[in-house]
Amino acid sequence: MLNYQAILEEIHESLKNTENTGEVASYISELANISKDKFGIHLQLITGENYFVGDAAEKFSIQSISKVLSLAKAFQLVGNDLLERVDVEPSGNPFNHLSLLELENGIPRNPLINSGAIVIADVLLSNLKNPKEDFLNFVRELTHDESIQYNEKIAESERVTGFNNYAAANLLKAYGNLHNKVEDVLDFYFHQCSIMMDCKQLTNAFFVFANKGKCLKNIQHLTSSQVKRINAIMLTCGFYDEAGEFAFEVGLPGKSGVGGGIVALLPHYFTIATWAPALNKKGNSFLGMQALEQFTTKTRLSIF
Ligand code: GLN
């Protein structure tokens, strides 16, 4: 039996002392003030055991990690019809890139780049009665935690500098792939990105993807086929133009966010979340990537 606690501590200790060349995201001003020294890891086994180290219980803005949760909700609501409005191919481009969107007539490459997630937000707006409230409740249900909230300051701070996302939404609108008003869709999108969670809560929320669609409370939220597809999208598109590298080094489906979080999972075995705010050049957590590489190397637990 592996000594998971010892493994997490070893990883934490070794990385805490290496030079961190990453930088905290500053294009969203509210994120710029977060200390580069924060570093936490939480592991949750499918059997219910939990192990953690460092700042694993401190909340941070989940940012793009929320795109997996909004995709799950949209899949639950409209099923495969979703695929008429967003593709499932890796983009090989940064998360906020626009050129492909124009070349491909307003159909985003996948739901985990910004333009794709904006289409998903539009689907949720059209299909939920009280979109922001209902989506938050979905996240709370999956996580089994009523305390989860949006961070209004972060959402507002992203809105005032969100020119790239406005450009993406306007382009989508011009191609007829946005049904609601640009302002309303982006308001929802900026809120979903602002959700605050800690590493433990992320492993709870993503339990559903490791457990064939059943959450911690054993309620079936997604079919096992939907979960298979969402995991495939995470593996191929979860790290933008570093998705290949993540599959190569870590070998797990996962998702990063510019708040410095990463969550990854091995179906039927575990979910793991890391938080370290300094990002590498591709916008993924510098320490988080390395921590997960060490974890799957030391435990030999990966999908490959
Ligand atoms: N809210 C961020 C943005 O739209 C999300 C990006 C990310 O986490 N990669 O720019």
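What you see is a predicted model, and the numbers here were worked out from it, not measured in a lab. (Residues numbered from 1 in each chain as written. Predicted model: local features only at pLDDT ≥ 70, side-chain atom pairs only at ≥ 80, totals over all residues. Heavy atoms only, no water.)

**Q** Looking at this structure, I do not really get the overall build of the chain. What am I missing?
**A** Assigned secondary structure in the chain consists of 14 helices and nine strands. On C-alpha atoms alone, the chain measures out to a radius of gyration of 18 Å, which is about the 19 Å that the 2.2 N^0.38 rule sets for 304 residues. With respect to the principal axes defined by its C-alpha atoms, the chain has extents near 55 × 40 × 35 Å. Classification of the 304 residues of the chain by burial places 57% in the buried group. Sequence-distant contacts, at least 24 apart, represent 69% of the contacts inside the chain between residues at least 6 apart. Here the chain contributes 26 positively and 34 negatively charged side chains, and the mean placements of these two sets differ by 4 Å. (Helix = DSSP H or I, 4+ residues; strand = E, 2+ residues; numbered from the N terminus. Rg over C-alpha atoms; globule rule 2.2 N^0.38 Å. Buried < 20%, exposed > 50% of the residue type's maximum accessible area, 1.4 Å probe, protein only. Contact = heavy atoms within 4.5 Å. Lys, Arg positive; Asp, Glu negative; His and termini not counted. Charge placed at Lys NZ, Arg CZ, Asp CG, Glu CD.)

**Q** Honestly, the site of the ligand in this entry has me stumped. Any pointers?
**A** Near the ligand, the surroundings consist of Tyr 27, Gln 63, Ser 64, Phe 95, Asn 114, Glu 158, Asn 165, Tyr 189, Cys 193, Tyr 240, Gly 257 and Val 258. The side chain of Gln 63 places a nitrogen or oxygen atom 2.5 Å from a nitrogen atom of the ligand. With respect to the ligand, the side chain of Tyr 189 contributes an N or O atom lying 2.7 Å from an oxygen atom. Surface burial for the ligand is 99%, taken as the share of its 300 Å² of free accessible area covered by protein chains. A molecule is said to occupy a pocket when more than half its atoms come within 2 Å of that pocket's grid points, and by this definition the ligand occupies the largest cavity. (Near = heavy atom within 4 Å. Polar contact = N/O pair within 3.5 Å; in protein donor to acceptor, adjacent residues only side chain to side chain. Areas by Shrake-Rupley, 256 points an atom, 1.4 Å probe, with all protein chains shown as cover. 1 Å grid on protein atoms, 1.4 Å probe; cavity = no way out; pocket = protein on both sides within 12 Å on 5 of 7 lines; lining within 4 Å. Sits in = over half its atoms within 2 Å of the grid points.)

**Q** When you look at the packing of helix α6 (residues 131-143) against helix α9 (residues 182-194) in this model, what are you seeing that I'm missing?
**A** Working note: a packed helix pair is described by the angle between its axes plus the distance between those axes. The geometry of α6 relative to α9 is characterised by a closest axis approach of 10 Å and an angle of 25° between their N-to-C directions. Taken together, the axes of α6 and α9 are roughly parallel relative to one another. Judged by the twist between their axes, the crossing of α6 over α9 is right-handed. On the side of α6, the interface is formed by Pro 131, Lys 132 and Phe 135, while α9 contributes Asp 187, Phe 188, His 191 and Gln 192. (Axes fitted to C-alpha atoms, helices over the stretch in contact; angles between N-to-C directions. Parallel < 35°, antiparallel > 145°, perpendicular 65-115°, else oblique. Left-handed = near helix turned anticlockwise from the far one by under 90°.)

**Q** Help me understand the pairing of strand β3 (residues 50-54), please; the structure alone is not making it clear to me.
**A** Looking down a regular strand, the side chains alternate between one sheet face and the other. Across five bridges, strand β2 (residues 40-45) lies against β3 in antiparallel orientation. Within the sheet, the bridge partner assigned to Leu 43 lies in β3 and is Tyr 51. Turn length for the β2-β3 hairpin, with the two strands adjacent in sequence and antiparallel, is four residues, and the turn residue Gly 48 shows positive phi of about 105°. (Pairing = 2+ DSSP bridges.)

**Q** I'm lost on the pattern of salt bridges in this one. Help?
**A** Should the charged atoms of two oppositely charged side chains come close, the side chains can pair. Inspection of every chain in the model, using the stated rule, returns eight salt bridges. Between Lys 16 and Glu 13 there is a salt bridge, and its shortest N-O distance comes to 3.4 Å. In this pair, Lys 16 and Glu 13 both sit in helix α1 (residues 4-16), three residues apart, roughly one turn of the helix. Exposure remark for Glu 13: the relative accessible area of 41% places this residue in the partly exposed category. Its salt-bridge partner being Arg 159, residue Glu 156 comes within 2.9 Å of it at the nearest N-O pair. Residue Glu 156 and its partner Arg 159 are located together in helix α7 (residues 152-160), separated by three residues, close to a single helical turn. We classify Glu 156 as partly exposed; its relative accessible area is 38%. (Salt bridge = Lys/Arg side-chain N within 4 Å of Asp/Glu carboxyl O.)

**Q** Whenever I open this one, the nonpolar core confuses me. Can you help?
**A** Within soluble globular proteins, side chains that are nonpolar generally end up buried alongside one another. Core analysis: the largest hydrophobic core is formed by 63 residues, its most contacted members being Ile 118, Phe 135, Ile 195, Leu 202, Phe 206, Phe 209 and Ile 230. When residues in this core are grouped by element, the largest group, eight residues, is from helix α5 (residues 114-127). Ignoring any residue separated from it by four or fewer positions in sequence, one finds Ile 118 in contact with Asn 165, Ala 168, Ala 169, Leu 172, Leu 178, Val 185, Leu 186 and Tyr 189. The next biggest cluster of nonpolar side chains, apart from the first, holds 29 residues, and it includes Tyr 4, Leu 43, Val 53 and Ala 291. (Core = buried A, V, L, I, M, F, W, Y, C linked by side-chain atoms within 4.5 Å.)

**Q** In this structure, what is going on with helix α8 (residues 163-174)? I would like to understand it.
**A** The α-helix winds at 3.6 residues per turn, so residues separated by three or four positions along the chain end up facing the same way. The end-to-end C-alpha distance of α8 is 16 Å, a good match for the 16 Å that 12 residues give at a rise of 1.5 Å each. Taken together, the buried positions of α8 are Asn 165, Tyr 166, Ala 168, Ala 169 and Leu 172. On an axial view of α8, the arc spanned by its buried residues comes to 160°, and they lie on one face. The outward face of α8, more than 90 degrees from its buried face, is lined by the exposed residues Phe 163 and Ala 174. Against the buried residues of α8 lie α4 (99-103), α5, α7 and α9. (Expected span 1.5 Å × (residues − 1). Arc of directions from axis to C-beta.)

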